[in-house]
Amino acid sequence: MAKLFGSETYARLSNQGMQIMGGYGYSLEYDMQRHFRDSRIITVSAGSSQMQRTVISRAMGLKVV
Amino acid sequence: MIHFTEEQKMMQEMVRKLVKDKVAPRAAEIDETDEFPWDIAKVFGENGLLNLVLPEEYGGVNANNTTLCIVIEEIAKVSPACGLTVFTTQALLNVLVRGGNEEQKNRFFPKFASADKICAFVLTEPNSGSDAASIQTKAILDGDSYVFNGNKIFISTGEVSDFYLVFAMTRPGEGAKGMSAFIVEKGIPGFSFGKKENKMGLRGNPTVELIFEDARVPKENLLGEEGRGWKMLTEYGNLMRTWGAASTSLGIAEGALEYATGYARERIQFGRPIGSFQAIQFMLADMAILTEAARSLIYRASWMIDQGTESSSKIEPMVSMAKCFTTDTAMKVTTDAVQILGGYGYTKDYPLERMMRDAKGVQIFDGTNQIQRVIISRNLLGKF
């Protein structure tokens with residue numbers, strides 16, 4: 001839950017951060033675009049979000065087919 | 001992060017058993033009839049749940065913030081409406097314990113030793129909801145008493161309560177600086193009840209209009225000094241949101257998640273339990289993540305409050321985050337739980353539609369989630 005929630009929160013916040021900064025967020029002069037790019041891989045690596053959900057639902061007693 | 005004392009674990013276990021035996025079988029009926037459950041209030045009283053914050057000699061356990069969170073969460077798992085009785089009663093007692101003088105404590109506490117008294121928290125008016133400093137109910141000193149005039153609405157546990165914590169203007173027109181807090185007893189001349197709201201959810205806890213027409217309240221019932229009302233509201237009242245709306249909605253989310261998980265294990269479609277389908281598994285996993293995150297947030301905020309060392313500027317946004325996040329979580333979790341039960345979830349034969357209606361109410365009361373976001377962003381950005 002911690003891995004999934006943390007990484008997806010980072011992805012969502014960096015996306016919103018881009019929006020708040022408008023055109024500047026898209027420029028390499030600012031760090032926000034880097035956060036946006038970095039966060040994108042963190043929801044995939046070290047067990048994707050989908051794998052985390054599989055682990056959680058298995059722990060809730062639901063069989064994985 | 002979440003560490004409960006032995007006493008708190010025992011309290012949690014006691015309340016869990018009590019509500020399973022006494023409240024759960026009545027929850028649907030309480031919602032259906034919208035009648036205040038006196039039998040449940042009596043059971044709560046007998047088990048010490050109405051006096052929690054009082055000192056031991058008056059039947060209490062000196063409950064701290066976390067203990068109150070634990071109790072409300074457990075009750076709300078089966079009936080948030082019943083949890084409200086404990087919430088509003090502890091809300092008044094909590095302010096009395098912290099903001100009352102010795103004479104007031106000596107006078108009021110023994111009245112609660114019988115453990116059958118219930119209380120209400122009275123702030124909202126027809127023209128003052130989120131903008132609480134704009135209340136218009138007047139309390140003007142005249143001889144030995146304050147003369148009350150004005151109307152209050154949306155008062156939870158109204159009419160059935162014995163004591164009311166009422167916020168009124170001792171200096172009308174001066175906003176927050178002119179606000180004071182009083183304990184008002186039921187039955188004084190000029191204090192009556194008006195419309196009872198017919199609510200979508202949280203049914204069984206009456207939401208009632210209070211009418212003051214030249215009602216005389218003894219001047220000894222003023223809490224603290226004149227003009228201290230706003231400070232009491234922000235210092236004590238805001239913190240109550242952790243064990244008020246936040247714990248209530250955490251209980252709702254947990255109740256809904258547990259029910260939907262059990263259903264997903266049992267319900268067979270296409271020759272296998274629907275819980276074996278990834279579409280359902282991922283919905284339940286997301287519901288569990290949000291619920292656990294909400295629990296962490298509430299008990300972290302509560303821990304900060306109980307430590308008593310953190311500044312209010314650190315605690316205030318944490319409390320608002322806990323209220324906002326948990327109530328939004330309860331709304332999402334209950335909505336998805338109804339979805340998992342499908343057509344059955346939409347009927348009153350199952351508890352989930354009630355939980356969903358209850359969740360909506362908690363997003364609104366105890367400071368709307370929009371107001372919580374105002375508080376959070378003001379702490380990030382400062383005032384403009």
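Everything that follows concerns the structure shown earlier in this document.
Let us look at the structure shown here.

Scoring rules and cut-offs
- What you see as residue numbers is a count from 1 along each chain, following the sequence as written.
- For this description, chains carry letters from A and ligands carry numbers from 1, given in the order in which they are written.
- Restriction of local features to residues with pLDDT of at least 70 applies here, the model being predicted, together with a cutoff of 80 or more for giving and counting side-chain atom pairs; totals for whole chains, interfaces and linings are based on all residues.
- Side-chain figures throughout are based on the complete set of non-hydrogen atoms in the structure, without hydrogens or water.
- In this text, helices come from DSSP runs of H or I with a minimum length of four residues, and strands from runs of E with a minimum of two, each type numbered from the N-terminal end.
- Each residue is placed in one exposure class: buried if its accessible area under a 1.4 Å probe, protein chains only, is under 20% of its type's maximum, exposed if it is over 50%, and partly exposed if it falls in between.
- Contact criterion: two residues are considered in contact whenever any of their non-hydrogen atoms come within 4.5 Å of each other.
- Accessibility throughout is a Shrake-Rupley quantity obtained with a 1.4 Å probe, and a residue counts as covered only by protein chains that appear here.
- Residues counted as positive are Lys and Arg, residues counted as negative are Asp and Glu, and His and the chain ends are not counted.
- We put the charge of a Lys on NZ, of an Arg on CZ, of an Asp on CG and of a Glu on CD.
- Two parts placed together each lose some accessible area under a 1.4 Å probe, and adding up what both lose gives the buried area.
- Salt-bridge detection follows one rule: a side-chain nitrogen of Lys or Arg within 4 Å of a carboxyl oxygen of Asp or Glu.
- Under this definition, polar contacts are N or O atom pairs within 3.5 Å; protein pairs additionally need one hydrogen-donor-capable and one acceptor-capable atom, and for neighbouring residues in sequence, both atoms have to be side-chain atoms.
- In this classification, Asp, Glu, Lys and Arg are treated as charged, Ala, Val, Leu, Ile, Met, Phe, Trp, Tyr, Cys and Pro as nonpolar, and every other residue, Gly included, as polar.
- As used in this record, nonpolar core signifies buried Ala, Val, Leu, Ile, Met, Phe, Trp, Tyr and Cys residues forming a set joined through side-chain atoms within 4.5 Å.
- Helix axes use the C-alpha atoms of the stretch in contact, all axes being lines fitted to C-alpha atoms, and the angles between their N-to-C directions lie in the range 0 to 180 degrees.
- Roughly parallel here means an angle under 35 degrees, roughly antiparallel means over 145, roughly perpendicular means 65 to 115, and every remaining angle is called oblique.
- Left-handed describes a crossing in which the near helix is turned anticlockwise from the far one by less than a right angle; the clockwise case is right-handed.

## Details of the overall build of chain B
Then comes step 1: The helix and strand tally for chain B stands at 12 helices and 10 strands.
Then comes step 2: Projecting the C-alpha coordinates of chain B onto the three principal axes gives extents of approximately 80 × 50 × 40 Å.
Then comes step 3: Counting over 384 residues, chain B shows a buried share of 57%.
Then comes step 4: At a minimum sequence separation of 6, the contacts of chain B that also span at least 24 residues come to 74%.
Then comes step 5: With an accessible surface of roughly 16,300 Å², chain B has 53% of that area assigned to carbon and sulfur atoms.
Then comes step 6: Of note, chain B has its 42 positive side-chain charges centred 4 Å away from the centre of its 48 negative side-chain charges.

## A short note on the interface of chain B and chain A
A common way to report how large an interface is uses the accessible area buried once the components associate.
Then comes step 1: Residue-level contacts link 19 residues of chain B with 14 residues of chain A.
Then comes step 2: Approximately 1,300 Å² of surface area, both sides summed, lies buried where chain B meets chain A, with 74% of it carried by carbon and sulfur atoms.
Then comes step 3: Taken as a group, B:Q281, B:F282 and B:I289 account for 40% of the area that chain B buries against chain A, more than any other trio of residues on that side.
Then comes step 4: Taken together, the connections running from chain B to chain A amount to 1 salt bridge.
Then comes step 5: One salt bridge in this structure joins B:D286 and A:R53, with 2.6 Å as the shortest N-O distance.
Then comes step 6: At the junction of chain B and chain A, the tally comes to 3 residue pairs in polar contact (both at pLDDT 80 or more).
Then comes step 7: Looking at the side of chain B that touches chain A, the elements that each hand over two or more residues are α8 (242–266) and α9 (278–307) of chain B.
Then comes step 8: Of the residues assigned to the side of chain B that touches chain A, the class counts are 10 nonpolar, 5 polar and 4 charged.

## Observations concerning the nonpolar core
Residues and elements named next belong to chain B.
Then comes step 1: Counting 104 residues, the largest nonpolar core has F44, L49, I75, V86 and L284 as the members making the most contacts within it.
Then comes step 2: Per-element accounting of this core gives the leading share, 13 residues, to α9.
Then comes step 3: In this view, L49 contacts M11, M14, V15, L18, F44, V71, I75, V86 and Q90; residues no more than four positions away in its chain are not counted.
Then comes step 4: The next biggest cluster of nonpolar side chains, apart from the first, holds 18 residues, and it includes A139, Y146, F182 and L222.

## Focus: unusual backbone geometry
Then comes step 1: Phi angles above zero are rare outside glycine, and A:A46 is one such case at about 55 degrees.
Then comes step 2: On the basis of relative accessibility, which here comes to 69%, the residue A:A46 falls in the exposed class.
Then comes step 3: Residue B:E159 is not a glycine yet carries a positive backbone phi of 70 degrees.
Then comes step 4: Considering the arrangement of structural elements, one finds B:E159 in the loop between β3 (145–156) and β4 (163–169).

## Observations concerning the packing of α8(B) against helix α11 (residues 352–364) of chain B
Residue and element names in this part refer to chain B.
Then comes step 1: Closest axis-to-axis distance for the α8/α11 pair is 10 Å, and the angle between their directions is 160 degrees. Taken together, the axes of α8 and α11 lie roughly antiparallel to each other. Note on packing geometry: the crossing formed by α8 with α11 is left-handed. Contacts between α8 and α11 involve A245, T248, S249, I252, G255, A256 and Y259 from the former and L352, M355, D358, A359 and V362 from the latter.
Then comes step 2: Class assignment for the residues of the contact of α8 with α11 results in 8 nonpolar, 3 polar and 1 charged.

Everything listed is a geometric property; what it means functionally is a separate question.
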